[in-house]
Amino acid sequence: MNTETRSGREEWKAHGLVPVAAGLGYATSVIHIYGIGPYFGPVAEQFGWTRTEVTFGLTIATLVQAVGGVFIGLAVDRFGPRRFGVLGLVLLGVAFSLLGTANGSLLQWYLLWCLVALAALPVQASVWTSAVASLFHVSRGMAFAVTLCGASIAAGVFPLMGTYAIARLGWEMAFSAHAAVWLIIAFPVIFLFFHGRYDRGRKNKEEGEVASPKDLPGVTLAEGLRSTIYQRLFIASLLFTFTIIAIVVHFTSILGDQGADPLTAAGIASFVGWFSLAGRLGTGFLLDRLPASLVGAAVFMLPVAGSLLLLLGGDSYGAMVLASGLIGLTLGAEIDVVVFLLTRHFGLKNFGGLYGGVLAALSIGTAVGPLVAARIFDVTGSYDGFLWLALGFMAASSLAVASLPRRDEAFAAH
């Protein structure tokens, strides 16, 4: 135990700024997801579009990510993450700024979102997590948690930035100001401190570092894809993201359906973001100390309790707040669990490609889940049907993770 603790401290002493830089990179990579909310209303109002028409641009970006994720992951495995992360952030900042040039044509709006989608591909989660995974072994769970907290920070900061910029500059100029201010903050840290083991390999070859990704331990891509462990992770990711993202997107409406007024619903919903930050860090702490499959199964079951509270709690504000906390504790932590299990069972040699496949499942769930929830509400006049569906899907994803091997993980020491 003391050796592991000492080794973990040594990892943080040597590479502690890498997860911080990766976290800022991950936050930037979701600026178009967590930062677009304040713009939907003004854009729709100016051009007379429906919210569905405006929002479909984001759906396009998410589906492109699902298709391109595997290919970017394979490229990261071959060339290392740094060059993708540094260049991709600049491209995404420019693409996000260009959304302010919308002229009232839906076709042009969707083409602009296609540019955002392409620019976001080089900075997806596999870029940031692969660098961290290559440098952290004993404390990998907590390092992942710090990295992926970037999304929680983005969820808290970007809506405020966008709202402030729109109020001062109008939505057209706000897009550019929003992207520019954040990149001024984040880019220097990322440029100076973000790297993976392979990115530094040639420089430190004489110091014993690997010189190429092919020297990293791990299975081949074909072996990973054929594994039932991988297939269970894929299914768990798809089912869980399908439900959790839909619940979060519609959460204020669900609370309104339960009897909360709009202001109260928004206040209760804000707990999701705060508990998400705590959930990520707590999950990272537990992953380094307990069997990952059991941690994942428990994390995946928390929203089941939250959904039951929403279904059976009536108009109780206490039930709503508790449900918000339980859902928040899981939001984002599922990615920590999946990434950790991938590295433990399959190693790092083809981590980018394998994670790209799981990212496709996450992206499909993100794109489709909210639409299904909206459709169920339109047909039935209530979100109850979707909440019952969510219960089944989340329980199934928890069982899939719980069924994974708990000991003798092939690459636990790498």
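What counts, and at which threshold
All residue numbers refer to positions counted from 1 along the written sequence of the respective chain. Per-residue local features of the predicted model are confined to residues with pLDDT of at least 70, and side-chain atom pairs are confined, for both listing and counting, to 80 or more; whole-chain, interface and lining totals are unaffected and use all residues. Side-chain numbers here rest on the full set of heavy atoms in the structure, without hydrogens or water. A run of H or I in DSSP becomes a helix once it reaches four residues, and a run of E becomes a strand once it reaches two; helices and strands are each numbered from the N terminus. Here the radius of gyration uses the C-alpha set of atoms, whereas the globule reference equals 2.2 Å times the residue count to the power 0.38. Accessible area is worked out with a 1.4 Å probe on protein chains only. A residue is then buried under 20% of its type maximum, exposed over 50%, and partly exposed in between. Contact criterion: two residues are considered in contact whenever any of their non-hydrogen atoms come within 4.5 Å of each other. Note on areas: Shrake-Rupley with a 1.4 Å probe; residue coverage comes only from the protein chains shown. By definition here, a salt bridge exists when the distance from a side-chain nitrogen of Lys or Arg to a carboxyl oxygen of Asp or Glu is within 4 Å. We call a set of buried residues a nonpolar core when its members are Ala, Val, Leu, Ile, Met, Phe, Trp, Tyr or Cys and they connect through side-chain atoms within 4.5 Å of each other. Interaxial angles span 0 to 180 degrees and are taken between N-to-C directions of axes, which are lines fitted to C-alpha atoms, for helices over the stretch in contact. Roughly parallel means an angle under 35 degrees; roughly antiparallel means over 145; roughly perpendicular covers 65 to 115; every other angle is labelled oblique. Definitions for this section: a left-handed crossing has its near helix turned counterclockwise from the far helix by less than a right angle. A right-handed crossing has that turn clockwise. Note on residue classes: Ala, Val, Leu, Ile, Met, Phe, Trp, Tyr, Cys and Pro are nonpolar, Asp, Glu, Lys and Arg are charged, and everything else, Gly too, is polar. The pairing test for Phe, Tyr and Trp rings, Trp by its six-membered ring, is centres within 6.5 Å, and the orientation test on the planes gives stacked under 30 degrees, edge-to-face over 60, and tilted for anything in between. Nonpolar side chains (Val, Leu, Ile, Met, Phe, Trp, Tyr) within 5 Å and like charges within 9 Å form the patches, drawn only from residues with over 30% relative accessible area and no salt bridge. Per residue, pLDDT captures the predictor's confidence, and it can take any value from 0 to 100. Take the residue count of a helix, subtract one, and multiply by 1.5 Å to get its expected span.

(A) How the structure looks around the overall build of the protein. For the protein, the count of helices and strands is 19 helices and zero strands. Relative to the compact-globule value of 22 Å for 414 residues, the protein shows a C-alpha radius of gyration of 21 Å, a close match. By the burial criterion, 55% of the 414 residues in the protein qualify as buried. Once local pairs closer than 6 in sequence are excluded, the contacts in the protein between residues at least 24 apart make up 84%. Surface summary for the protein: the accessible area is close to 17,100 Å², and the carbon and sulfur share equals 67%.

(B) Looking closely at the pattern of salt bridges. Evaluated as defined, the whole model comprises one salt bridge. The salt bridge involving Asp336 is made with Arg280; its shortest N-O contact spans 3.2 Å. Here Asp336, found in helix 17 (residues 333-346), pairs with Arg280, found in helix 14 (residues 262-287); they are 56 residues apart in sequence, far enough to count as distant. Note on accessibility: Asp336 and Arg280 belong to one class, buried.

(C) Quick look at the nonpolar core. Leu99, Trp109, Trp128, Leu342 and Tyr355 are the most contacted members of the largest nonpolar core, which has 121 residues in total. The biggest single contributor to this core is helix 12 (residues 228-249), with 10 residues. Setting aside its immediate chain neighbours within four residues, Leu99 contacts Ile36, Trp109, Leu112, Trp113, Val116, Trp171 and Phe175.

(D) Geometry of the packing of helix 9 (residues 140-169) against helix 17. Packing of helix 9 against helix 17 brings their axes to within 10 Å, and their N-to-C directions diverge by 140 degrees. In terms of orientation, helix 9 lies oblique with respect to helix 17. As helix 9 packs across helix 17, the resulting crossing turns out to be right-handed. Taking contact as the criterion, the partners of Arg140, Gly141, Phe144, Ala145 and Leu148 in helix 9 are, on helix 17, Ile335, Asp336, Val339, Phe340, Thr343 and Arg344. A class-by-class count of the residues in the contact of helix 9 with helix 17 yields six nonpolar, two polar and three charged.

(E) Local environment of the environment of Phe234. Relative to the helices and strands, Phe234 is located in helix 12. The sequence separation of Phe234 and Gly218 amounts to 16 residues, and the corresponding C-alpha distance is 18 Å.

(F) Region of interest: the packing of helix 4 (residues 37-47) against helix 10 (residues 171-193). Axis separation between helix 4 and helix 10 bottoms out at 10 Å; the angle between their running directions is 150 degrees. The angle between helix 4 and helix 10 falls in the class roughly antiparallel. Crossing of helix 4 over helix 10 shows left-handed handedness. Here Tyr39, Pro42, Val43, Gln46 and Phe47 of helix 4 come into contact with helix 10, specifically with Trp171, Glu172, Ala174, Phe175 and His178. Grouping the constituent residues of the contact of helix 4 with helix 10 by class yields seven nonpolar, two polar and one charged.

(G) View of the side chain of Ser97. In this fold, Ser97 is placed in helix 6 (residues 82-98). Overall, the relative accessible area of 17% leaves Ser97 in the buried class. Ignoring anything within four residues of it in the chain, the contact list for Ser97 reads Phe175, Ser176 and Ala179.

(H) Broad picture of the packing of aromatic side chains. The tally for this structure, following the rule as stated, stands at 18 aromatic pairs. Ring centres 3.9 Å apart and planes at 15 degrees place the aromatic pair Tyr39 and Phe175 in the stacked group. Placement of Tyr39 in helix 4 and of Phe175 in helix 10 is noted, with a sequence separation of 136 residues between them. The same class applies to Tyr39 as to Phe175, namely buried.

(I) Quick peek at a nonpolar patch on the surface. Side chains of Leu17, Val20, Phe191, Leu192 and Phe193 sit close together on the surface and give an oily, nonpolar patch of about 460 Å² of accessible area. At the level of elements, helix 2 (17-29) and helix 10 are the ones that each hand at least two residues to the nonpolar patch. Per-element tally for the nonpolar patch: the top contributor is helix 10, with three residues. Along the polypeptide, Phe193 turns up in helix 10.

(J) Inspection of the confidence of the model for the protein at higher detail. Taken residue by residue, the protein gives an average pLDDT of 83. The fraction at 70 or more is 91%. This stretch, residues 1-6, has a pLDDT under 50; its non-local contacts, to residues over four places away or in other chains, come to one contact. Confidence drops under a pLDDT of 50 for residues 201-208, and excluding neighbours within four residues, the segment shows four contacts in the predicted structure.

(K) Broad picture of helix 17. Compared with an ideal rise of 1.5 Å per residue, which puts 14 residues at 20 Å, helix 17 spans 20 Å between its outermost C-alpha atoms and is within 8% of the ideal. Counted residue by residue, helix 17 has 14 buried out of 14 residues, so it is predominantly covered. Among the residues trailing helix 17, Gly347 stands out with phi positive, at a value near 75 degrees.

(L) The environment of Leu387, seen in detail. Among the structural elements, Leu387 can be located in helix 19 (residues 384-402). Among the residues examined, Leu387 registers a relative accessible area of 0% and is labelled buried. Setting aside residues no more than four positions away along its own chain, Leu387 makes contact with Ile247, Ile254, Ser307, Leu310 and Leu311.

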